[in-house]
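Structural overview for review
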Amino acid sequence: MEQSEQLNVLEQCRQGDLSGFGRLYDFYIKKIYSFIYFKTHHKETAEDLTSKTFLKALNGISSFSSMQGSFSSWLYAIARNTVIDHYRTKKIEADIDDIWDLAGDEDVMRDLDAAQKIRIVEQYLAKLPARQREIVVMRVWQEMSYQEIAEALGQSEASCKMMYSRTMKVLRAEMPLAVFIAMVIGVMKI
Amino acid sequence: MNDKIKQILSDLYAIDGELAQHEKELIAIVEKLLESKPDVKFDDRFVERLKTELLQQAELLEAKKQAKPSSFTIILERMAYVVGGATLCALIIVPAVISYQGGWSSVPGTGSKNLAFNSGVSRLEAGAFGKFSSGDMNNSANNSAANNSLAAGVGNNQAKMAANNSVVTPVAREVKEAAVETRLVAPAPVPAPMVLEDGVEEPVADKMMMPFIEERINYNYVYEGADLPVVEDKMTVYKRNKKSQAANDLGQAISGIDFDLIKMNKFRDIQMTNFSFVEDREFGYSVYFDLQENVISMSSNWMRWPRPDADCRDEKCFESYRLKAEDVPADNEVIAIADKFLSDYGIDVASYGAGEVQNEWRIMYAKEANKEDFYIPESVSVIYPLKVDDKIVFENWGNMDGLVVDVDIRNKKASGVRNIYVHSFQSSDYEAETDNERIMKIAKQGGLYGDYKFEDPTKTIDVRLGEPVLGLVKIWKSDGGYAGEEFYVPAYVFPILNKDDLGYFGRSNITVPVIKEMLDDAQAEQIQPYMPILRSSEEPVILEDVEEAAIINQ
């Protein structure tokens, strides 16, 4: 969706004509759902939180202003906060941003295949601050461009790139031996 | 190293060239990250459902913002001066029901808009519906017959329509037994009388005469297909939500109305269970809302549909109005009439497949030697098969379930529609049977319910089964009280390839549910004949000697 088209739709919505919201939905649904899925690892939870995100966006869109930033960053912020609220209502502890902060907690629902897949990298990604982990996930798993990441996080492209490279350095320092061993074992099984 | 990894690394080196010194480690890390990427399970059906809900919500928000008096409220204000409370109540109730089912919180002012229902599937944990048993398939056979007659609506014409209806509805067990031809035996030679102490002979009572089943047909199911489609270890069972908020809300609305004849405020916890209205015009309809089953049906207002034979007083007159086979339009014309009817009344067909005309009467007509005596139905039905999550829903007896539009042959008009359901479901996963041999064994016995096998059949007919599709079969389970809950369980549906040659068989498909606990619970039920088995009318049997006679006659 072109930026200009997005701005037109937002202006219409601000004036009370919400018919264009469907086009925004079509453009963002997969991105937001994937963003939330990578934070919850559970299909039903991701669908539920995605629904809440878009409902909140719909209810608030007529008062959204570009002074608040881009629509993308606003929408991702809603998604992020919706995930945080979800986990913080379930667990009393304050500092839970998403399921990565609950690694090893058996009470939290996860899709089994997702849990299996991330088994090796989980301990390393879980240690990262939420914002750094988001950047890695967006870049490597969601294949977003730096521009898209910057818009989603409400930061400059340069700072996103910097944070990304620093995060990869951290992973390089933490991961390599275990990863090599896992890869060797994987090759031997084949 | 693949292109994706190259791109990721080249981005990194562009940010920080120093990272290039650690390429091998970075390759390993990126590869492991890519390998570990979970499958997000993006579900197109969820996307569509959510979009529908959001667009409904958007309309509601727009309406609130505009806050103009609607055409509906203006009509209400005018009507309040000129009509009685009952009519006004009907005007309030009809759109209110639709509005509640559309998820709106107040009576809408948009009567001219298409109204979307709250459809969708909400997912529950595995096994959420409790245990399923083979007995639930029995319940489905009996309930299908009951619900079909209920859905046919009120009024005499509905009864006539049901009689004329050529849709082969699933047949309850008792009716299936009736399909087996029975004939009371001619009075058999009186058995040897009992001799009493005083030498008087006491004849055996006539009540000990047994009926004799003349034509005893066994069906041999033969599979003609390749391997069965693969099922997953767990398959999804759906439960249709029948609870309607409208029942409570309309109950509250009616409790607030002041009827002179009775004090409504004496009643507590009122729930509206159903209501209906008729159109008082030529070719008008009667519409019935069942709020306990969450279903709507329409039928002709029989008092306003012309019947030219209604004034006939002799056979000649009736004969002159009898329909002929050539009066029945071609299938495409019948479907066009049904399609237009559904479109005109805004009945959403998104959850249904394309319409199919039910032409069983033509099969019987083709076989009829004396075609002049054959009764051509007054209406034919078009069934739009229901789809839940892209799977067609069948009744236990193998016929498709769905929207049924009846087309009046004489007037070339749709005379009604049944099974307008609100498509709101819960779903839960259950363990599936993956042993194909077990599935085939059940298919070859005629389904989970099975057929009775006569020990001495007069005829054995092959029923050829084609490759199955995975569909859903509708069953009922008790809710623990007096009501039944409606479920759709995944099933193999084997089409009967030679059904036109079977005469009255009454089935189009054989269904085999794949839920393991249902198959585990199945018992080898045999359909019992009405009476003990006899070999011939020359051998009357005393009731008490039934078992011995059965053994003797083997």
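Given the structure is predicted, the values throughout are model-derived calculations rather than measurements.

A separate point is the overall build of chain B. A tally of helices and strands in chain B yields 15 helices and 21 strands. Split into buried and exposed, the 554 residues of chain B put 44% on the buried side. Intrachain contacts of chain B at a sequence separation of at least 6 include 71% that bridge at least 24 residues. Carbon and sulfur atoms form 51% of the exposed surface of chain B, whose accessible area is close to 29200 Å².

A few words now on the overall build of chain A. The helix and strand tally for chain A stands at 10 helices and zero strands. In chain A, which comprises 190 residues, the proportion classed as buried is 51%. Taking the intrachain contacts of chain A between residues at least 6 apart in sequence as the baseline, contacts between residues at least 24 apart amount to 54%.

Residues and elements named next belong to chain B. For strand β12 (residues 379–385), the buried fraction is high: seven of the seven residues fall into the buried class. Where strand β11 (residues 356–357) and β12 come together, two bridges link them in antiparallel fashion. Note on β12: the bridge partner recorded for valine 357 is valine 382. Here seven bridges tie β12 to strand β15 (residues 402–408), and the two strands are oriented antiparallel to one another. Across the sheet, proline 385 pairs through a bridge with glycine 402, a residue of β15.

This part takes up the sheet that holds strand β8 (residues 274–278) of chain B. Residues and elements named next belong to chain B. The seven strands lie next to each other as β8-β9-β10-β16-β15-β12-β11, forming an open sheet whose pairing is antiparallel. The sheet is open, and its two edges are formed by β8 and β11, each paired on a single side. Most of the contacts of helix α11 (residues 331–344) go to β12, to which it runs at about 65 degrees, and overall it touches β9 (285–290), β10 (295–300), β11, β12, β15 and β16 (413–421).

Moving on, we come to the state of the cysteines. Residue and element names in this part refer to chain B. All told, the structure shown has one disulfide over all chains when counted by the stated rule. A sulfur-sulfur separation of 1.9 Å characterises the disulfide bridge that pairs cysteine 312 with cysteine 317. Here the disulfide of cysteine 312 and cysteine 317 is left-handed, its torsion about the S-S bond being about -65 degrees. Classification of cysteine 317 as partly exposed rests on a relative accessible area of 23%.

A few words on the packing of aromatic side chains. In this structure the tally under the stated criterion is 29 aromatic pairs over all chains. Measuring from ring centre to ring centre gives 5.1 Å for phenylalanine 132 of chain B and phenylalanine 487 of chain B, while their planes differ by 90 degrees; the resulting arrangement is edge-to-face. Highlighted residues: phenylalanine 132 of chain B in the loop between β1 (120–123) and α6 (135–151) and phenylalanine 487 of chain B in strand β20 (residues 484–495), separated in sequence by 355 residues. Accessibility assignment for this pair places phenylalanine 132 of chain B and phenylalanine 487 of chain B in one class, buried. Counting every residue linked through ring pairs, the aromatic cluster contains Tyr33, Tyr37, Phe38 and Trp141 of chain A together with Phe42 and Phe46 of chain B. The aromatic ring of phenylalanine 27 of chain A is capped on one face by lysine 31 of chain A, whose charged end is 4.9 Å from the ring centroid. Above the plane of the ring of tryptophan 397 of chain B lies arginine 507 of chain B, whose end atom (NZ or CZ) is 4.1 Å from the centre.

Right, let's get into the interface of chain A and chain B. The interface is formed by 51 residues belonging to chain A together with 42 residues belonging to chain B. Area buried by chain A at its contact with chain B is led by Tyr25, Trp141 and Arg172 of chain A, which between them contribute 14% of it. For the pair chain A and chain B, the interface holds five salt bridges. Between aspartate 26 of chain A and lysine 51 of chain B there is a salt bridge, and its shortest N-O distance comes to 3.0 Å. Applying the counting rule to chain A against chain B returns 11 residue pairs in polar contact (both at pLDDT 80 or more). Looking at the side of chain A that touches chain B, the elements that each hand over two or more residues are α2 (21–40), α3 (43–60), α5 (112–117), α6 (119–127), α7 (130–141), α9 (157–174) and α10 (176–189) of chain A. No other element matches the 10 residues that α2 of chain A contributes to the side of chain A that touches chain B.

Okay, a nonpolar patch on the surface next. All names here are of chain B. A contiguous nonpolar patch, built from Phe259, Leu261, Ile262 and Phe267 and spanning about 430 Å² of accessible area, is present on the exposed surface. Structurally, phenylalanine 267 can be placed in the loop between α9 (245–255) and β8. Looking at phenylalanine 267, the relative accessible area reads 41%, which means it is partly exposed.

Before going further, it helps to examine α3 of chain A. In a regular helix each residue adds 1.5 Å, so 18 residues correspond to 26 Å; α3 of chain A covers 26 Å between its end C-alpha atoms and thus fits that length. Looking at α3 of chain A, one finds that the buried residues are Lys43, Thr45, Ala46, Glu47, Leu49, Thr50, Ser51, Thr53, Phe54, Ala57, Leu58 and Gly60 of chain A.

All names here are of chain B. Looking at chain B, the pLDDT average stands at 72 and 67% of residues meet or exceed 70. Low pLDDT, under 50, characterises residues 68–117; the stretch is placed with 58 contacts to residues that sit more than four places away or in other chains. Across the whole predicted complex the pTM is 0.50, and at the interface the ipTM reaches 0.85.

For the rest of this paragraph, the subject is the side chain of asparagine 301 of chain B. Residues and elements named next belong to chain B. Within the secondary structure, asparagine 301 is located in the loop between β10 and α10 (315–321). According to the relative accessible area criterion, asparagine 301 is buried, its value standing at 6%. Setting aside residues no more than four positions away along its own chain, asparagine 301 makes contact with Val278, Glu279, Asp280, Gly284, Tyr285 and Ser286.

Moving on, we get to unusual backbone geometry. Excluding glycine, most residues fall at negative phi; most peptide bonds, likewise, are trans. Its identity is not glycine, yet lysine 41 of chain B carries a phi of approximately 60 degrees, on the positive side. The topology assignment puts lysine 41 of chain B in the loop between α2 (23–35) and α3 (44–66).

The subject of this paragraph is the pattern of salt bridges. Tallying each qualifying case throughout the model produces 33 salt bridges over all chains. Between glutamate 134 of chain A and arginine 80 of chain A there is a salt bridge, with its nearest N and O atoms 2.8 Å apart. Here glutamate 134 of chain A, found in helix α7, pairs with arginine 80 of chain A, found in helix α4 (residues 71–90); they are 54 residues apart in sequence, far enough to count as distant. The same class applies to glutamate 134 of chain A and to arginine 80 of chain A, which are both buried. Aspartate 11 of chain B is the salt-bridge partner of arginine 139 of chain A, the closest N and O atoms lying 2.1 Å from each other. Placement of arginine 139 of chain A in helix α7 and of aspartate 11 of chain B in helix α1 (residues 3–15) is noted, with the two residues assigned to different chains. Residue arginine 139 of chain A is classed as buried on the basis of its relative accessible area, which comes to 9%. Under the relative-accessibility criterion, aspartate 11 of chain B is labelled buried at 14%. Taken together, the shared-partner salt bridges in this structure form one network comprising Lys43 and Glu47 of chain A together with Asp43, Arg45 and Asp389 of chain B.

What follows deals with the pairing of β9 of chain B. Residue and element names in this part refer to chain B. Most of β9 sits inside the fold, with six of its six residues counted as buried. Burial of the side chains of β9 extends over both faces: Tyr285, Val287 and Phe289 are buried on one face and Ser286, Tyr288 and Asp290 on the other. Pairing of β8 with β9, which is carried by five bridges, proceeds in the antiparallel orientation. Considered in β9, the bridge of serine 276 is made with tyrosine 288. Taken together, the six bridges between β9 and β10 define a ladder with antiparallel strand orientation. Bridge pairing in β10 links serine 286 to serine 299. Where β9 hands over to β10, the hairpin turn is made up of four residues, of which asparagine 294 adopts a positive phi near 55 degrees.

Thresholds applied
- Starting afresh in each chain, residues are numbered from 1 along the sequence in its written order.
- Note on labels: chains are lettered from A, ligands numbered from 1, in written order.
- Predicted model: local features are reported for residues with pLDDT of at least 70 only, side-chain atom pairs are reported and counted for 80 or more only, and whole-chain, interface and lining totals are derived from all residues.
- Each side-chain value is worked out from all heavy atoms of the structure, with water and hydrogens disregarded.
- The secondary structure listing takes helices from DSSP runs of H or I that are at least 4 residues long and strands from runs of E that are at least 2 residues long, numbered from the N terminus.
- We call a residue buried when its accessible area falls under 20% of the maximum for its residue type, exposed when it is over 50%, and partly exposed in between, using a 1.4 Å probe and counting protein chains only.
- Throughout, a contact is declared for two residues whenever any of their heavy atoms are within 4.5 Å.
- Here the open area of atoms and residues is found with the Shrake-Rupley method and a 1.4 Å probe, where only the protein chains shown may cover a residue.
- In this analysis, strands are considered paired if DSSP registers two or more bridges between them.
- Note on definitions: angles span 0 to 180 degrees between N-to-C directions of axes, and those axes are lines fitted to C-alpha atoms, for helices only across the stretch in contact.
- We call a pair of cysteine sulfur atoms a disulfide whenever their separation is within 2.5 Å.
- By convention, a stacked pair of Phe, Tyr or Trp rings (six-membered ring in the case of Trp) has centres within 6.5 Å and planes under 30 degrees apart, an edge-to-face pair has planes over 60 apart, and any other such pair is tilted.
- Put simply, a charge is over a ring when the Lys NZ or the Arg CZ is close to the ring centre, within 6 Å, and near the line of the ring normal, within 35 degrees.
- Defined in terms of a 1.4 Å probe, buried area is the accessible area two parts forfeit on being brought together, summed over both.
- When a carboxyl oxygen of Asp or Glu lies within 4 Å of a side-chain nitrogen of Lys or Arg, that pair is called a salt bridge.
- Here a polar contact is taken to be a pair of N or O atoms separated by no more than 3.5 Å, where protein atoms must pair a possible hydrogen donor with a possible acceptor and residues adjacent in sequence count only if both atoms sit in side chains.
- Only residues whose relative accessible area exceeds 30% and that form no salt bridge are eligible for patches; like-charged ones are grouped when within 9 Å, while nonpolar side chains (Val, Leu, Ile, Met, Phe, Trp, Tyr) are grouped when within 5 Å.
- Each residue after the first adds 1.5 Å to the expected span of a helix.
- pLDDT runs from 0 to 100 and stands for how confident the predictor is about each residue.

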